[in-house]
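Observations on the three-dimensional arrangement
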Amino acid sequence: MLHNDGNPSLELLYAEDKTVRDGNLTTTSIILKDPVYPVTVKLVFVAYYNEDIIKTWTEISHQEKNPVILSNFASAMIHLEADHYWLTQFHGDWAREMRMEESELTSGIKTIDSKLGTRANIFQTPVFMLAKNKAADENSGEVIAGTLGWTGSFQLSFEIDNSNSLRMIAGMNPFASEYHLKPNENFVTPEFIFTFSAQGKGLASRNFHQWARNYGVMDGHANRLTLLNNWESTYFDFNEKTLTELFGGAKELGVDVFLLDDGWFGNKYPRNSDQTGLGDWQANKQKLPHGLGYLVEQAEAKGVKFGIWIEPEMVNPKSELYEKHPDWILKLPNRDENYYRNQLVLDLTNPQVQDFVFNVVDEMMTKNPSIAFIKWDCNRMMTNTYSPYMKDNQSNVQIDYVRSFYQVMQRLRAKYPHLPIMLCSGGGGRTDYGALKYFTEFWPSDNTDALERVFIQWGYSYFFPNITSCNHITTMGKQSLKYKTDVAMMGKMGYDIRVNELSAQELEFSKMAVQNYNRLKGLIWNGDLYRLVSPYEEERAVLMYVSADKTKSLLFAYSLHPRAFSHFSPVRLTGLDPQKTYKVEETNKMPGVHTGFNLEGKTFSGDYLIKVGLSLPNNSELTSAVIEITEVK
Ligand code: GLA
């Protein structure tokens, strides 16, 4: 901290602490003060007893005459002592999100960060697992799992010092962000959320899932809508007729919502590609001559709800918005505009821009109150960032942008508390618990190839409950429809296909799959997840969900590319009650196709399934099976 008199230091001494217990939550605040300067730092820890989660953040304030400058402002610091430290991190890029990597930390500092501001997680996600002494597996080992709830640039650093102690520091990225803090303003850092498990990574994930459903995600226990999206089946090329046909397909499948994706807006600069129209949120008169209201009515007449895609924080230079409000855009003066996907980021720190973004949704919802779903996209990161509104306070922009984003979401949530909104950012470029307070679900990746999705969804499952993960069945990837469906069912299922291109058998299967999903979704969304066989370790992935009372469980098995004549061992199940007796039955079967599961209807003790395991059918490549495991009395 740089004080008004130029002193660049801060001394923090304990002043007082307070602990308040309120049911499941215990909140402890520790107040630190500088002995010379009027600065207070409050460290807050909220412990969730049942979920075994701690959420922590820092609050900084001062009473100097003029702003002080903050150069470092972490949310949390964890200090550990062990002989060895193993870090699991998740990295990627567009269409290859959440690749998992584990390595032993060595002395010095390892940093995982983003400086990208908006689509902040495109390369790194603010999540990690840290195992003490030896690498942890699913069911054994001491692990700390942590994540920063911040929808912007972040920094996680892990330093092993001279005495082999480890310090983990998590917070907003201080890079180019020296913050000018006004007197009496409370600078609140994002929440760092973490858990400890002495029984491996599986329990750490289950703690996160439970916490997320109870506290972390918008409407974490509410119903989710199955949907048919048109992005991969039409891209920008559609009109009223094509869409109305797709509504019929949605109805036929039995899904809840039709989601109209990008390409529906812009008139002076029609949105017929990603080069034009972004920012002009009026229905395109050529494609949709009767406007949005007509589409909503048509969908409802066909028996499905209507949802819509927006990307309200962004603008194409070829748009009326750009022409009208050049001063609403983040861009450096005296430099060329720097495009990514032909677009620029709006200056959300400007209250007028906040109103504009709020109104994109509000006007649409006021005119069409029965719109039932929104997909909120964010297709670029910040570069050449300069806010015309912030003038000489440019180093506050990255942080204030995210805070402004949250303010807009708070306004929207005050008016539309339960409208389902999908968080999307060119795939999973913006997936974190700061945003998920306002969003019901997220789009994990633009890569919908089911084989790739096994890995991507597996990666997200370490931190995010599957009720939040939108998994769509599409034409991408060479796997069978059955495989694609089984992969999508692992989380929140949806479609992005032309239903009229399915064969009669595929349609019959898909209708049945939607019905199965509706029957089983409670278990998929709220059950405890056990990852049984990792696709990183074998040429298959197996996982299961178990109900809290252990009477019902659902197992998903996917083969990848095993060698010819490979043999997989039986899979030992986890999470069942050894004392109970269970019947195993395969579900989601393609009519007329036998997967090779030969234990249909057999019963086993929980003890047997845990110790000996279940032989699964899918030995050949890209096959899958879904098995229901139900208690019999
Ligand atoms: C992003 C999203 C896609 C789709 C396109 C539309 O890439 O991730 O799902 O909505 O934008 O332009």
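In this report, the structure presented in the accompanying data block is examined. (Residues numbered from 1 in each chain as written. Predicted model: local features only at pLDDT ≥ 70, side-chain atom pairs only at ≥ 80, totals over all residues. Heavy atoms only, no water.)

The next subject is the overall build of the protein chain. When helices and strands are counted, the protein chain shows 11 helices and 32 strands. In terms of overall size, the protein chain behaves like a compact globule, its C-alpha atoms giving a radius of gyration of 25 Å where 633 residues would be expected to give roughly 26 Å. The principal-axis extents of the C-alpha atoms in the protein chain amount to approximately 80 × 65 × 45 Å. In the protein chain, which comprises 633 residues, the proportion classed as buried is 59%. For the protein chain, the share of sequence-separated contacts (at least 6 apart) that also reach a separation of at least 24 residues comes to 70%. (Helix = DSSP H or I, 4+ residues; strand = E, 2+ residues; numbered from the N terminus. Rg over C-alpha atoms; globule rule 2.2 N^0.38 Å. Buried < 20%, exposed > 50% of the residue type's maximum accessible area, 1.4 Å probe, protein only. Contact = heavy atoms within 4.5 Å.)

Let's shift gears to the pattern of salt bridges. Summed over all chains, the structure comprises 27 salt bridges. Notably, a salt bridge pairs E337 with K331, separated by 2.6 Å at the nearest N-O pair. When its relative accessible area of 22% is taken as the criterion, K331 is described as partly exposed. We note a salt bridge from R540 to E538, for which the minimum N-O separation is 2.8 Å. Taking the relative accessible area as the measure of exposure, R540 reaches 3% and is therefore buried. Exposure remark for E538: the relative accessible area of 32% places this residue in the partly exposed category. In the salt-bridge network here, residues are joined through shared partners; they are D262, R271, D274 and R341. (Salt bridge = Lys/Arg side-chain N within 4 Å of Asp/Glu carboxyl O.)

Here we come to the site of the ligand. Near the ligand you find 13 residues, and of these D261, D262, R341, K375 and D446 are the closest. Side-chain polar atom of D262 to an oxygen atom of the ligand: 2.6 Å apart, as the coordinates give it. One of the side-chain nitrogen or oxygen atoms of W443 is found 3.4 Å away from an oxygen atom of the ligand. Computed on the free molecule, the ligand has an accessible area of 310 Å², of which 97% lies beneath the protein chains in the complex. In terms of residue class, the shell around the ligand is made up of 4 nonpolar, 3 polar and 6 charged. (Near = heavy atom within 4 Å. Polar contact = N/O pair within 3.5 Å; in protein donor to acceptor, adjacent residues only side chain to side chain. Areas by Shrake-Rupley, 256 points an atom, 1.4 Å probe, with all protein chains shown as cover. Nonpolar A, V, L, I, M, F, W, Y, C, P; charged D, E, K, R; others polar.)

For the rest of this paragraph, the subject is the side chain of D432. Note that D432 resides in the loop between β23 (421-423) and β24 (441-442). Buried D432, no salt bridge; nearest opposite-charge side chain is R430, N-O distance 6.4 Å. A polar contact of 2.6 Å, which involves the side chain of D432, links it to the backbone nitrogen of G434. Beyond its immediate chain neighbours, meaning those up to four positions away, D432 contacts P126, L148, G149, W150, T151, Y406 and F464. (Lys, Arg positive; Asp, Glu negative; His and termini not counted.)

With that out of the way, let us pick up the environment of L599. Summarising the element assignment, L599 is placed in the loop between β30 (581-587) and β31 (603-605). Separated by 15 residues in sequence, L599 and L614 place their C-alpha atoms 8.7 Å apart. Once you skip the residues sitting within four places of it in the chain, L599 turns out to touch V584, F604, L614 and S615.

Moving on, we get to the sheet that holds strand β19 (residues 305-310). Read from one edge of the open sheet, 8 strands run β24-β23-β22-β19-β18-β17-β26-β25, paired in parallel fashion. Lying at the two open borders of the sheet, with one neighbouring strand each, are β24 and β25 (470-474). Here β25 pairs with strand β26 (residues 492-496) via 5 bridges, running parallel. Bridged to N471 within β26 is M493. Seen against the sheet, helix α9 (residues 481-488) touches β25 and β26 and runs at an angle of roughly 170° to β25. (Pairing = 2+ DSSP bridges. Axes fitted to C-alpha atoms, helices over the stretch in contact; angles between N-to-C directions.)

Let's shift gears to the packing of α9 against helix α10 (residues 504-526). Following both chains from N to C, one finds α9 and α10 inclined at 15°, their axes separated by 11 Å at the closest point. On the basis of the axis angle, α9 is roughly parallel to α10. By crossing handedness, the relation of α9 to α10 is classed as right-handed. Only E506, F509, S510 and A513 of α10 make contact with α9, whose side of the interface consists of L481, K482 and T485. Across the contact of α9 with α10, the residue classes break down as 3 nonpolar, 2 polar and 2 charged. (Parallel < 35°, antiparallel > 145°, perpendicular 65-115°, else oblique. Left-handed = near helix turned anticlockwise from the far one by under 90°.)

So, on to the nonpolar core. Across soluble globular proteins, nonpolar side chains have a tendency to be buried as a group. Ranked by internal contacts, the top residues of the largest apolar core, which has 166 residues, are F158, W264, F306, W376, F439 and Y495. Formed by 22 residues, the second largest nonpolar core is a distinct cluster that contains M544, L555, L576 and F597. (Core = buried A, V, L, I, M, F, W, Y, C linked by side-chain atoms within 4.5 Å.)

A word on α9. Where burial is concerned, most of α9 is hidden: 8 out of the 8 residues are buried. Buried within α9 we find L481, K482, Y483, K484, T485, D486, V487 and A488.

Its 17 residues give helix α6 (residues 351-367) an end-to-end C-alpha distance of 23 Å, which sits within 8% of 24 Å, the value for a rise of 1.5 Å per residue. Maximal helix bending in α6 amounts to about 30°, located at N359. Turning to α6, its buried residues number three or more, namely V353, Q354, F356, V357, F358, V360, V361, D362, M364 and M365. The distance from a side-chain oxygen at the start of α6 to the backbone nitrogen of Q352 is 2.9 Å, and the residue carrying that oxygen is N350. (Expected span 1.5 Å × (residues − 1). Bend = angle between axes of the 7 residues up to and from the residue.)

Keep in mind that these numbers describe shape and distance, not what the molecule does.
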